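Reading the structure
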Amino acid sequence: MDKKRVFSGIKPSGDFTIGNYMGALVNWVASQDEKENIFCIVDLHSITVPQDPKEVKRRNLEFAKIYLAAGLDPKKSAFFIQSDRPEHSELTWILNCFTYFGEASRMTQFKDQYREKKKNVTVGLFDYPVLMAADILLYDTDEVPVGEDQKQHVELTRDIAERMNKKFDKLFTIPEPIIKKTGAKIMKLGEPTKKMAKSDVNPNNSIYLRDNAETIRKKFSRAVTDSDNKIKFDKAKKPGISNLLNIMSVATDTPIPQLEKKYASSNYGQFKSDVADSVIEMLAPIQAKLAEYDKNEDYVLKVLRDGAETVAPRAQAALKRVKKAVGLGI
Ligand code: ATP
Ligand code: LTN
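Here goes a summary of the coordinates provided. (Residues numbered from 1 in each chain as written. Chains lettered and ligands numbered in written order. Predicted model: local features only at pLDDT ≥ 70, side-chain atom pairs only at ≥ 80, totals over all residues. Heavy atoms only, no water.)

1. Quick look at the site of ligand 1
Rule in force here: Proximity criterion: a residue is near a molecule or strand once any of its heavy atoms comes within 4 Å of it. Contacts described as polar in this section are N or O atom pairs within 3.5 Å, which, within protein, must combine one atom able to donate a hydrogen with one able to accept it, while residues neighboring in sequence count only if both atoms come from side chains. Cavity: a set of points on a 1 Å grid over the protein atoms alone where a 1.4 Å probe fits but cannot get out. Pocket: an open set with protein on both sides within 12 Å along at least five of seven lines, its lining residues, like those of a cavity, having an atom within 4 Å of a point. Criterion for pocket placement: a molecule counts as inside a cavity or pocket if more than half of its atoms are within 2 Å of its grid points. Strands are runs of DSSP state E lasting at least two residues, helices are runs of H or I lasting at least four, and both sets are numbered from the N terminus onward. Following the grouping adopted for this structure description, the nonpolar residues are Ala, Val, Leu, Ile, Met, Phe, Trp, Tyr, Cys and Pro, the charged ones are Asp, Glu, Lys and Arg, and the polar ones are all others, Gly among them.
The immediate surroundings of ligand 1 are formed by 19 residues, with Lys11, Ser13, Lys195, Lys198 and Ser199 found nearest. Take Gly19: an N or O atom from its main chain is 3.3 Å from a nitrogen atom of ligand 1. One nitrogen or oxygen atom from the main chain of Met196 is found 2.8 Å from a nitrogen atom belonging to ligand 1. In this structure the site holding ligand 1 corresponds to the largest pocket. The element contributing the most residues to the shell around ligand 1 is helix H1 (residues 18-30), with 4 residues. Looking at side-chain class alone, the shell around ligand 1 contains 7 nonpolar, 7 polar and 5 charged residues.

The following block contains the structure:
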């Protein structure tokens, strides 16, 4: 039987957090043998909000190192920089012309960001989900592993694809969002009702993949909890403790009820220190490998170039098919 094709992406919009690792990368690594994988560093998505060009460039390479250090094998998973494949931008334009303004206006991520910023919100940010649809549809993707927050965008992708399939003979494969429950949403250490995000301006809210042991201990010791001193999972009443349980559960691959039992008579101080240790331990092998790739950037650049080449035939074929159907070009 043919392997299912998987596509996912992470934008180089800030330093890589354990949220990105636990919500996305760890799952990609776990399933790379069973699937045909394409994992993209989506730099075109990152510039939908203001960025320092030097930082985008630095992070493109840094994220590739992180993908490798976390265990993605370039022989099993193609990875590349989105802007290195021009088909993504070109297909976005065509999909734009089959996406209704009304449906794009209903995207909650955009609405939230618009409400927050109001000023200088770009058309690019509004169009973000359509670029994401192009990423997915270019590769005849079957499965899209993402965090909960991206489900609506994959649903929009399906709607656009179904609409175009109806109008033009079967153009696109209809993708499924794949959302894993545990670890699917890691929250900010200082504000545990909000999602940890790499673009957060407060570094104490996140653990970054390169944070050293001392920094990790300090950040967890300051994590916001509550005052009843019981280590129990209850998202609504105890968001801080629930977040720490969730983090430890993914870091140690232990179910949450088992952790609740183990810490039934511990205080928060001890628990936080153990959570910190579990994350330090989880990151240690990744950090060791990152240090190796720091010394061998030419290899990382080659992996990215090869990745962009490997995926080219499929992207080019899909774009050609769409242009022909729509009547574009000579
Ligand atoms: P930004 O702050 O720029 O919005 P982000 O950290 O939210 O970035 P994305 O690049 O939007 O990350 O997402 C990359 C992947 O990581 C997606 O699959 C997303 O769902 C997942 N992800 C991001 N943040 C978290 C989180 N806190 N918990 C779990 N998964 C997350
Ligand atoms: N919008 C996604 C990143 C992303 C993506 C994709 C994910 C861009 N293109 C295609 C899956 C498939 C996010 O996580 N913020």
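2. Let's talk about the site of ligand 2
We apply this condition: Note that accessible areas follow from Shrake-Rupley with a 1.4 Å probe, and for residues the cover is restricted to the protein chains shown.
Every one of the 13 residues lining ligand 2 counts as a neighbour, but Lys11, Tyr128, Met132, Asp135 and Gln150 are closest to it. Here a nitrogen atom of ligand 2 sits 2.6 Å away from a polar atom, N or O, in the side chain of Tyr128. In the model, a nitrogen atom of ligand 2 is placed 2.9 Å from a nitrogen or oxygen of the Gln150 side chain. Isolated, ligand 2 exposes 360 Å² of accessible area, and the fraction of that covered by the protein chains is 92%. Here ligand 2 is seated within the largest pocket. Counting residues per element, the ones that place at least two in the shell around ligand 2 are strand S1 (5-10) and helix H7 (123-137). Here the shell around ligand 2 takes 4 residues from H7, the largest share from any one element.

3. Some thoughts on the layout of surface pockets
We apply this condition: Grid points are joined across faces, edges and corners, and a volume is the space filled by probe spheres set on the points.
Of the voids in this model, the largest pocket is the one considered here, and its volume is about 1500 Å³. Around the largest pocket, the lining is made up of 49 residues, and of these Lys11, Gln109, Asp149, Lys195 and Ala197 lie nearest the centre. Residue assignment for the lining of the largest pocket shows that the elements contributing at least two residues are S1, H1, helix H6 (108-117), H7, strand S4 (143-145) and helix H8 (151-167). With 6 residues, H6 is the single largest residue contributor to the lining of the largest pocket. In terms of residue class, the lining of the largest pocket is made up of 17 nonpolar, 19 polar and 13 charged.

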